[in-house]
Amino acid sequence: MRTHSSIDLQHPMLEAERSQAEWQARRQQLERKKAQIYAEIQAYPFPIPACDQQYNYLLEERARVRQELRRLETLIKENAA
């Protein structure tokens, strides 16, 4: 009987599967963060002055999360090929 501890964790297939799982977990984390930011922006009270730091921060976070998701999608596609 083969136990979990006897599995070769350095095997390339297992490493690739672990990487895919980690990337999928990161994608889910970013998608949740994106949804949270969008909800906060949508619920933000109007009118919004141009100097509102919290609102501007949310806009910057939204852009950062979108950029990170695009980067992650590219990495996933490149590794799948």
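Predicted model, so just to flag it, every value in this text is computed and none were measured.

Visitor: Quick question: what am I supposed to make of helix 2 (residues 53–80) here?
Guide: Residue pairs spaced three or four apart in an α-helix point in one direction, given the helix's 3.6 residues per turn. Compared with an ideal rise of 1.5 Å per residue, which puts 28 residues at 40 Å, helix 2 spans 40 Å between its outermost C-alpha atoms and is within 8% of the ideal. For helix 2, the set of buried residues is Y55, L58, E61, V65, E68, L69, L72 and I76.

Visitor: Help me out: how do you make sense of the nonpolar core in this one?
Guide: Burial of nonpolar side chains together is a common tendency in soluble globular proteins. If you look at the biggest cluster of nonpolar residues, it comprises eleven residues: W23, L30, I37, I41, Y44, Y55, L58, V65, L69, L72 and I76. Only helix 1 (12–42) and helix 2 provide two or more residues apiece to this core. Take this core: its biggest share by element is six residues, from helix 2. Residue contacts for L30: discarding those within four places in its chain leaves V65, E68, L69 and L72.

Visitor: What should I look at first to understand the side chain of R27 in this one?
Guide: Secondary-structure assignment places R27 in helix 1. In this view, R27 contacts L69, L72, E73 and I76; residues no more than four positions away in its chain are not counted.

What counts, and where the lines are drawn
- One numbering rule holds for all chains: residues counted from 1, following each sequence as written.
- Totals for whole chains, interfaces and linings use all residues, but because this is a predicted model, local features are given only for residues with pLDDT of at least 70 and pairs of side-chain atoms are given and counted only at 80 or more.
- Where side-chain values are given, they derive from all heavy atoms of the structure, hydrogens and water being excluded.
- Each helix is a run of DSSP H or I of at least 4 residues and each strand a run of E of at least 2, with the numbering of both proceeding from the N terminus.
- Expected helix span is computed as 1.5 Å times (number of residues minus one).
- Any residue under 20% of the maximum accessible area for its type is buried, any over 50% is exposed, and the rest in between are partly exposed; the area is computed with a 1.4 Å probe on protein chains only.
- Take the buried Ala, Val, Leu, Ile, Met, Phe, Trp, Tyr and Cys residues and link them wherever side-chain atoms come within 4.5 Å; each set so joined is a nonpolar core.
- For this analysis, residues touch if any pair of their heavy atoms sits within 4.5 Å.

These figures come from the coordinates and say nothing about function on their own.
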